[in-house]
Amino acid sequence: MTVRQDQLSNGFRIVTEAMPGLKSASIGIWVGAGGRHERLEQNGIAHFLEHMAFKGTKRRSALQIAEAIEDVGGYINAYTSREVTAYYARVLEADVALALDVIGDIVLNPVFDPGEIEIERGVILQEIGQAHDTPDDVIFDWLQEQSYAGQPIGRTILGPTERVSAFTRDDLARFVSEHYGPGQMILAAAGAVNHDEILTLCQEIFGDLSAKPDHAVDPARFTGGEVRQIKDLEQAHFALALEGPGYRDDDVYTAQIYATALGGSMSSRLFQEIREARGLCYTIFAQTGAYADTGATTIYAGTSADQIGDLATITVDEMKRAADDMSEDEISRARAQMKAGLLMGLESPSSRVERLARLVAIWGHVPALEDTIGRIDAVTTQDVRRFAEHTASRAPAALALYGPVSGAPDLARLSERRAA
């Protein structure tokens, strides 16, 4: 498998990886314009724009966009995160050029028809309503808001109802004009792809775009805080976030191994102690997430109203215990799970293309897979215990509680227990 990378004179980046033996390919454009690039009055517009990309261009109607890909048996989709918006497709080898043409069309030529804007506004408002009715979705939005209070990175990606209800065609066009420059875009492709052919097509489609200045984002500050929403639900939902490293930080692999050993699998400490040994919950997990300049270890569980207090305090106790006695066996198992997950994922062109785009965005190039494996293997037991001790006792924290949670300890009490 060969990774190749090029850049057009206007800053548009292309990265591909041919995967011999495959008959299909994944291809997409990752734009460095997500939720944290929005001003307060724009909150939710990056996601709105993602929806509108499929609602018609200067060359294709919404139906023609869908038919162009589905007529050849492929699929097309998009997503918005806090740092990027991605538009991607999966097609057979013979249809890579078609997919690139369609993706380029929806990114560069949306018409923002007023009638379609109103229809899609209704769709997005329904999406917001659905998220609000899904406790284990909305609690993570609240947790993010508490973690980064008053900052773009802390705001919901979907945006508040009142802002989504007011966006105009000019608002959408302005966001594109500000953020959709060639230097903010990465074209990634993996599978049955020919780099030289894709490079030629990219020159034709994107080569005449004028460069745009980068818009600096506000540096993230993990503020911490607590939100508690009492509601008559079947379960009490608990989410705890602790400040962690960004994805350029040397400790990011340590954080991932720690979260995996703490609560990333059935053999992890939280799962074994809180679910298997005590039966306090059905779902509990720990995970780590990272951005350019910040990150967090997050723990989530759902339990009953009368058990939320025990669950919260035992979670803190298990975190503290991990700092003292997390074993080499546990860390070796977590390393193996990370490496297996990485390598198994790379058997899919969709996972591989996502990795290509992410690494180019982070580092400007794609490090060798062996380098990544080496960094995972280099994390020692002492590294993980050091990180676990800081996370358990001193890292700034945020807490979100939802449902019948009146009996849950507050963040101050949990912080006292962490420091004891």
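Scroll up to find the structure this text is about.
Residues numbered from 1 in each chain as written. Predicted model: local features only at pLDDT ≥ 70, side-chain atom pairs only at ≥ 80, totals over all residues. Heavy atoms only, no water.

*Asks:* Before we go on, may I ask you to explain the packing of helix α10 (residues 269–277) against helix α11 (residues 308–325) in this structure?
*Replies:* Angle between the axes and distance between the axes: these two values describe a pair of packed helices. Viewed as axis vectors pointing N to C, α10 and α11 meet at an angle of 145°, and their least axial separation amounts to 10 Å. When the axes of α10 and α11 are compared, the crossing they make is right-handed. Here Arg269, Leu270, Glu273 and Ile274 of α10 lie close against α11, whose contacting residues are Leu311, Ile314, Thr315, Glu318, Arg321, Ala322 and Asp325. Split by residue class, the contact of α10 with α11 holds five nonpolar, one polar and five charged. (Axes fitted to C-alpha atoms, helices over the stretch in contact; angles between N-to-C directions. Helix = DSSP H or I, 4+ residues; strand = E, 2+ residues; numbered from the N terminus. Left-handed = near helix turned anticlockwise from the far one by under 90°. Contact = heavy atoms within 4.5 Å. Nonpolar A, V, L, I, M, F, W, Y, C, P; charged D, E, K, R; others polar.)

*Asks:* So what exactly am I meant to see when it comes to the layout of surface pockets here?
*Replies:* Where empty space is left becomes clear once a probe the size of a water molecule has been rolled over the atoms. Volume-wise, the second largest pocket comes out at about 320 Å³. If you trace the second largest pocket, you find 20 residues lining it, with Asn43, Asp141, Glu145, Arg155 and Thr156 closest to the centre. Elements represented by at least two residues in the lining of the second largest pocket include exactly α4 (114–132) and α5 (135–147). When the residues that make up the lining of the second largest pocket are grouped by side-chain class, the tally is nine nonpolar, eight polar and three charged. (1 Å grid on protein atoms, 1.4 Å probe; cavity = no way out; pocket = protein on both sides within 12 Å on 5 of 7 lines; lining within 4 Å. Points joined across faces, edges and corners; volume = space filled by probe spheres on them.)

*Asks:* I tried to follow the packing of α11 against helix α16 (residues 411–419) on my own but got confused; where do I start?
*Replies:* The contact between α11 and α16 brings their axes to 10 Å, and the two run at 30°. Here α16 runs roughly parallel to α11, going by the angle between their axes. When you trace α11 past α16, the crossing you get is right-handed. Taken together, the residues of α16 that come into contact with α11 (itself represented by Ala312, Thr313, Val316, Asp317 and Lys320) are Leu414, Arg417 and Arg418. The class makeup of the residues in the contact of α11 with α16 is three nonpolar, one polar and four charged. (Parallel < 35°, antiparallel > 145°, perpendicular 65-115°, else oblique.)

*Asks:* Hey, could you run me through α16 in this one?
*Replies:* The periodicity of an α-helix, 3.6 residues per turn, causes residues three or four positions apart to be oriented the same way. Those residues of α16 lying buried are Leu411, Leu414 and Arg418. Taken down its axis, α16 places every buried residue within 65° of arc, on the same side. Facing away from the buried side of α16 by more than 90 degrees, the exposed set consists of Arg413, Glu416 and Ala419. Taken together, the buried residues of α16 touch β7 (225–230), β8 (236–244), α11, α15 (381–393) and β11 (397–403). (Buried < 20%, exposed > 50% of the residue type's maximum accessible area, 1.4 Å probe, protein only. Arc of directions from axis to C-beta.)

*Asks:* Mind showing me how you'd approach the packing of aromatic side chains here?
*Replies:* To describe a pair of aromatic rings, one takes the distance between the centres and the angle between the planes. Tallied over the full model, the rule gives nine aromatic pairs. Ring geometry for Phe48 versus Phe167: centroids 6.0 Å apart, planes at 75°, classification edge-to-face. Highlighted residues: Phe48 in helix α1 (residues 45–52) and Phe167 in the loop between α6 (161–164) and α7 (169–179), separated in sequence by 119 residues. The pair Phe48 / Phe167 is uniform in exposure class, with both members buried. Members of the aromatic cluster, connected to one another through ring pairs, are Phe140, Phe285 and Tyr300. (Phe/Tyr/Trp six-rings, centres within 6.5 Å; stacked < 30°, edge-to-face > 60°.)

*Asks:* What is the right way to look at the sheet that holds β7 in this model?
*Replies:* Each strand in a sheet pairs with its neighbour through backbone hydrogen bonds, running either in the same direction (parallel) or in the opposite one (antiparallel). On the basis of which strands lie adjacent, the open sheet formed by five strands has the order β7-β11-β8-β10-β9 and mixed pairing. The strands lining the two open edges of the sheet, one partner per strand, are β7 and β9 (283–290). Each adjacent strand pair in this sheet contributes to an overall mean axis angle of 10°, direction not counted. Looking at chain direction, β8 and strand β10 (residues 295–303) are connected through nine bridges and run antiparallel. Following the sheet pairing, Ala239 is matched in β10 by Tyr300. (Pairing = 2+ DSSP bridges.)

*Asks:* Is there a simple way to think about the pattern of salt bridges in this case?
*Replies:* Working definition: two side chains of opposite charge can pair if their charged atoms are close together. Applying the stated criterion across every chain yields a total of 28 salt bridges. Arg269 is paired through a salt bridge with Asp325; the nearest N and O atoms lie 2.8 Å apart. One end of the pair, Arg269, is in helix α10; the other, Asp325, is in helix α11, with 56 residues separating them in the sequence. Classification of Arg269 by relative accessible area gives buried; the value is 8%. Overall, the relative accessible area of 32% leaves Asp325 in the partly exposed class. Note that Glu273 and Arg278 form a salt bridge whose closest N and O atoms lie 2.7 Å from each other. Residue Glu273 is classed as partly exposed on the basis of its relative accessible area, which comes to 22%. Since its relative accessible area comes to 46%, Arg278 is described here as partly exposed. Connected through shared salt-bridge partners, Arg269, Glu318, Arg321, Asp325 and Glu330 make up one network. (Salt bridge = Lys/Arg side-chain N within 4 Å of Asp/Glu carboxyl O.)

*Asks:* I'm lost on empty space enclosed by the protein in this one. Help?
*Replies:* Applying the stated criterion across every chain, the model contains two cavities of 30 Å³ or more. Volume-wise, the largest cavity comes out at about 50 Å³. Elements with a minimum of two residues in the lining of the largest cavity: α9 (252–263) and α12 (328–345). Here the lining of the largest cavity takes four residues from α12, the largest share from any one element. Partitioned by chemical class, the residues of the lining of the largest cavity number two nonpolar, five polar and two charged. Approximately 30 Å³ is the volume attributed to the second largest cavity. Residue composition of the lining of the second largest cavity, by class: eight nonpolar, no polar and no charged.

These values are about where atoms sit, not about what they do.
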